[in-house]
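One-letter residues, chain by chain:
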Amino acid sequence: MEQELQKLLSAAMNPKAPILSWKKKHGGKVIGALPIYVPEELIAAAGALPVGLWGGNTEIERANGHLQGFACSIVRGVLELGLKGTYSMVDGFVFPSTCDHIQNTSEIWAKAFPHHQKFDLVYPANRQSKAALTYQLSLLMNFRQWLEELTGNGITDERLSSTISVYNKHRQLMHQLRCVRAENPRGLTNGEMAGLVKASLFLPKEEFNSSLEQILPWLNNRIVKDEPRLRLVLTGIMAEPVGILDCLDELGCTVIADDLALGARISRGQVEESLSPLEGLAQRHLSLGPCSTLYDPNKKRGGYLINLLKETKADGIVFINMKFCEMEEFDYPVIKQEMEQAGIPLLFIEVEQQMASIGQLRTRLQAFAEMLA
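All residue numbers refer to position in the chain's written sequence, counted from 1. For this predicted model, a pLDDT threshold of at least 70 governs which residues receive local features, and a threshold of 80 or more governs which side-chain atom pairs are given and counted, while totals over whole chains, interfaces and linings are taken from all residues. Note: side-chain values were computed over all heavy atoms of the structure, leaving out hydrogens and water.

Q: How should the state of the cysteines be read in this particular structure?
A: Each disulfide consists of a covalent bond between the sulfur atoms of two cysteine residues. Criterion for a disulfide: a pair of cysteine sulfur atoms within 2.5 Å. Per the counting criterion, the structure on display carries zero disulfides. The structure places no disulfide on Cys99, whose sulfur is separated from the nearest cysteine sulfur, that of Cys72, by 5.9 Å. For Cys99, a relative accessible area of 15% corresponds to the buried category. Relative accessible area decides the class of each residue, using a 1.4 Å probe on protein chains only: under 20% of the type maximum gives buried, over 50% gives exposed, and in between gives partly exposed.

Q: Teacher, can you tell me more about helix 8 (residues 190-202) here?
A: For the purposes of this entry, the term helix denotes a DSSP run of H or I that reaches at least four residues, the term strand denotes a run of E that reaches at least two, and both are numbered from the N terminus. Most of helix 8 sits inside the fold, with ten of its 13 residues counted as buried. Along helix 8, the residues classified as buried are Asn190, Glu192, Met193, Gly195, Leu196, Val197, Ala199, Ser200, Leu201 and Phe202.

Q: What exactly am I supposed to notice about the layout of surface pockets here?
A: To find leftover empty space, one rolls a probe the size of a water molecule over the atoms. Considering only enclosed or pocket space, the largest pocket measures out at about 1000 Å³ in volume. Taken together, 44 residues make up the lining of the largest pocket; nearest its centre are Ala12, Met13, Lys198, Phe202 and Glu240. Among the secondary structure elements, those contributing two or more residues to the lining of the largest pocket are helix 1 (2-13), helix 2 (16-26), strand 2 (49-52), helix 8, helix 10 (243-250) and strand 6 (253-260). At ten residues, helix 8 tops the list of elements feeding residues into the lining of the largest pocket. Side-chain classes follow a simple rule in which Ala, Val, Leu, Ile, Met, Phe, Trp, Tyr, Cys and Pro form the nonpolar group, Asp, Glu, Lys and Arg form the charged group, and the remainder, Gly included, forms the polar group. A breakdown of the residues in the lining of the largest pocket according to their chemical character gives 26 nonpolar, eleven polar and seven charged. Grid spacing is 1 Å over the protein atoms alone, the probe is 1.4 Å, and a cavity is where that probe fits but cannot get out, while a pocket is an open set with protein on both sides within 12 Å along at least five of seven lines and lining residues have an atom within 4 Å of a point. Grid points are joined across faces, edges and corners, and a volume is the space filled by probe spheres set on the points.

Q: I would appreciate a short explanation of the sheet that holds strand 4 (residues 117-121) in the present structure.
A: By definition, the strands of a sheet pair up through backbone hydrogen bonds, in either a parallel or an antiparallel sense. When DSSP finds two or more bridges between a pair of strands, those strands are recorded as paired. Strand order in this open sheet of four strands is 2-1-3-4, and the pairing throughout is parallel. Pairing within the sheet leaves two strands with one partner each, and these edge strands are strand 2 and strand 4. Looking at each pair of strands side by side, their axes are set apart by 25° on average, direction ignored. In this structure, strand 1 (residues 30-33) lies alongside strand 2, joined through four bridges in parallel fashion. The axes used here are C-alpha line fits, helices contributing only the stretch in contact, and every angle between their N-to-C directions lies in the interval 0 to 180 degrees.

Q: Is there a simple way to explain the packing of aromatic side chains in this structure?
A: How two aromatic rings sit relative to each other is set out by the distance from centre to centre and by the angle between their planes. For this analysis, a ring pair means two rings from Phe, Tyr or Trp (six-membered ring only for Trp) whose centres lie within 6.5 Å, classed as stacked if their planes differ by under 30 degrees, edge-to-face if by over 60, and tilted for the remaining angles. In this structure the tally under the stated criterion is eleven aromatic pairs. Ring geometry for Phe319 and Tyr332: centres 5.0 Å apart, planes at 70°, overall edge-to-face. Of this pair, Phe319 sits in strand 7 (residues 316-322) while Tyr332 is found in helix 13 (residues 326-342), placing the two residues 13 residues apart along the sequence. Across the pair, Tyr332 and Phe319 agree in class, each one buried. What links up through ring pairs into an aromatic cluster is the set Tyr87, Phe93, Phe95, Trp109 and Phe113. Throughout this description, the term charge over a ring refers to an Arg CZ or Lys NZ atom that lies within 6 Å of the ring centre and within 35 degrees of the ring normal. Looking at Arg268, its charged tip hangs above the ring of Tyr304, at a distance of 4.5 Å from the centre.

Purely spatial values, then, with no claim about function.
Next comes the structure, spelled out in structure tokens:
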């Protein structure tokens, strides 16, 4: 089981190897999806491999010539890796309308890479509108057609239903993994948990599901660290650079639950299989939340975090703000007020993927841990 776990973590650290292996074996297309909420079921149903493009800790050299200084480090990293040729094995790119930065990067991408196939997944801004479902269905049909033309494979309802079942199982297994993390906090390091989430971005879901299903019972009894000094909930876009998670491990703090975009958010909600496949996918998106990237006039995220903290018996919350992420910054004042009213300790830290040092963050995390201890 340890070997099976390390295989998944290796895929997270070196995604190029499993992606090239899949492409050699199946001869299919690889579709890169920027964050967040791209319906990967359609990509898989077209016989392609969906992979998540979330940037990375790479030195920014060329992207600065195309992006403003206030662009977030995720799109900066994605563009830099594209310009460096890291995505040479990717055949098509999907840009969801998550934020202005991603939408603007899509336009830059079209000029920088005129021969790269791309699709702009422009979601309905107001998901509560009566026209939202009709629009969402039309958008998914256009996405389906783009994938069929790119891959040369038709996407039948039968095939799409099959991949929806695979992804529903994947989301169920990820929920079970989060339950195991909460019940046995000594079974995984913070970095290992993040690595499993990342591995799911690069491996075919059938393969990932099979491995995770094998190791879940074993993780219930695995012990790799001491009983946590503190149990924390993380919220934000992502817990990167990964040194933050290593630092928390060193301080005896276990991430017992999360509300990260590159974390629990991407595996929330199931597709209702009693509906037609496209309607099921559309309804899932319209019912997702709470999330800073989705229309939420009632701002339910604070209440969600309070419930998550109580359910997992956590000691406090760390808000990891991706620098220049306006969506998260709009949410924070409301969350801060609600945490203060509920008497819940909250730490705000600001990060960039390409940070050279986390020394100041380490000091702040240590002070927060000492305050709670």
